[in-house]
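Residue-level structure breakdown
So the chains spell out like this:
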Amino acid sequence: MTMTTTNDSSRVENTTACLPIAYGSIAFYLGKKSDEYHTHRWTLYVRSPDDQNNSQNSGSSSCFDLSRAISKVVFQLHPSFPQPTRELTEPPFEVTETGWGEFEASIRIVWKEIADERSTILTHGIRLYPNKAPATSADPSAYMNTSVPGERRRMEGIHMYIYIHIYIAVSLFYESG
């Protein structure tokens, strides 16, 4: 059996495919130039686990293109953000904002028609401070690296991600012969 993506009426029914996905967030302290309502810049994302295409790097040609399986990703942010519902229909599936507080965000992945699945809903906590942050320090620079090597400012971000395998029922087309 040879797989193809043509619109042949022959299908392999009741087939399950495994799609690895990484979702998470990364946050950076903005330093002394920040104001009280914009202390951190953060990004919430859904990516292929082998995707090197983030806001700092160019993509790896060998990573799986999630847009082949995902119709859209809907991020539901805290209601205090302008337009707290963000709908993305093509990669990169990520939202970047600034803020001062931590909150739980919702991520809804809507599958393309080839998947016989309802959407998948995930939750992820936007965390701005490391787990071992001193409770008495109001200045994050006391425990986050905000040094300036040369002219370029380097900041260590708080990066949290989860790697999952999502099993979706799909209908695959095939040609006989």
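Summarised in this report is the structure supplied together with it. (Residues numbered from 1 in each chain as written. Predicted model: local features only at pLDDT ≥ 70, side-chain atom pairs only at ≥ 80, totals over all residues. Heavy atoms only, no water.)

Within the chain one finds zero helices and nine strands. Reading the chain from its N end, one meets helices and strands in the order β-β-β-β-β-β-β-β-β. The contacts in the chain between residues at least 6 apart in sequence include a share of 65% that link residues at least 24 apart. Summing over all exposed atoms, the chain offers an accessible surface of approximately 11100 Å²; the carbon and sulfur share of this is 48%. (Helix = DSSP H or I, 4+ residues; strand = E, 2+ residues; numbered from the N terminus. Contact = heavy atoms within 4.5 Å. Areas by Shrake-Rupley, 256 points an atom, 1.4 Å probe, with all protein chains shown as cover.)

Looking now at the environment of Ala-69. For Ala-69, the location among the structural elements is in the loop between β3 (40–47) and β4 (70–76). Look at Ala-69 and you get buried, because its relative accessible area is 14%. C-alpha of Ala-69 to C-alpha of Lys-112: the two residues are 43 residues apart in sequence and 5.5 Å apart in space. Excluding anything up to four places from it in sequence, Ala-69 contacts Leu-19, Trp-111 and Lys-112. (Buried < 20%, exposed > 50% of the residue type's maximum accessible area, 1.4 Å probe, protein only.)

With that settled, consider the sheet that holds strand β8 (residues 120–126). What the four strands build is an open sheet, ordered β5-β4-β7-β8; its pairing is antiparallel. For this open sheet the edge positions go to β5 (85–88) and β8, each flanked by a neighbour on one side alone. In this sheet, adjacent strand axes meet at a mean angle of 20° when their direction is disregarded. Relative to β5, β4 runs antiparallel, the two being bridged by four bridges. Its bridge partner being in β5, Val-73 is matched across the sheet by Leu-88. (Pairing = 2+ DSSP bridges. Axes fitted to C-alpha atoms, helices over the stretch in contact; angles between N-to-C directions.)

Turning to the packing of aromatic side chains, a few remarks are in order. A complete count under the given rule lists three aromatic pairs for this structure. The interplanar angle of 70° and the centroid separation of 5.7 Å between the aromatic rings of Trp-42 and Phe-103 together place this pair among those described as edge-to-face. With a gap of 61 residues between them, Trp-42 in strand β3 and Phe-103 in strand β7 (residues 103–111) connect regions that are remote in the sequence. Given the relative accessible area of 1%, Trp-42 is considered buried. Exposure remark for Phe-103: the relative accessible area of 8% places this residue in the buried category. Here Phe-81 and Phe-103 contribute two aromatic rings whose centre-to-centre distance is 5.6 Å and whose plane-to-plane angle is 50°, an arrangement assigned as tilted. Of the two residues, Phe-81 is situated in the loop between β4 and β5 and Phe-103 in strand β7; the sequence distance between them amounts to 22 residues. Among the aromatic residues, ring-to-ring pairing joins Trp-42, Phe-81 and Phe-103 into one connected group. Over the ring of Tyr-45 we find Arg-47; its NZ or CZ atom is 3.9 Å from the centre of that ring. (Phe/Tyr/Trp six-rings, centres within 6.5 Å; stacked < 30°, edge-to-face > 60°. Lys NZ or Arg CZ within 6 Å of the ring centre and 35° of its normal.)

What follows is about the side chain of Ser-48. With respect to the element layout, Ser-48 can be found in the loop between β3 and β4. When its relative accessible area of 5% is taken as the criterion, Ser-48 is described as buried. In contact with Ser-48, other than residues within four places in its own chain, are Cys-63, Phe-64 and Leu-66.

Ile-21, Trp-42, Val-46, Ile-107 and Ile-109 are the most contacted members of the largest nonpolar core, which has 26 residues in total. Secondary structure elements with two or more residues in this core: β2 (11–29), β3, β4, β6 (93–99), β7, β8 and β9 (158–175). The residues contacting Trp-42, other than those within four sequence positions of it, are Ile-26, Ala-27, Leu-77, Phe-81, Val-95, Thr-96, Glu-97, Thr-98, Gly-99, Phe-103, Ile-126 and Leu-128. (Core = buried A, V, L, I, M, F, W, Y, C linked by side-chain atoms within 4.5 Å.)

The next subject is the pairing of β8. Within β8, five of the seven residues are buried, which leaves it mostly tucked inside the rest of the structure. Note that β7 and β8 share seven bridges and pair antiparallel. The residue bridging Ile-107 from the neighbouring strand is Leu-122, located in β8.

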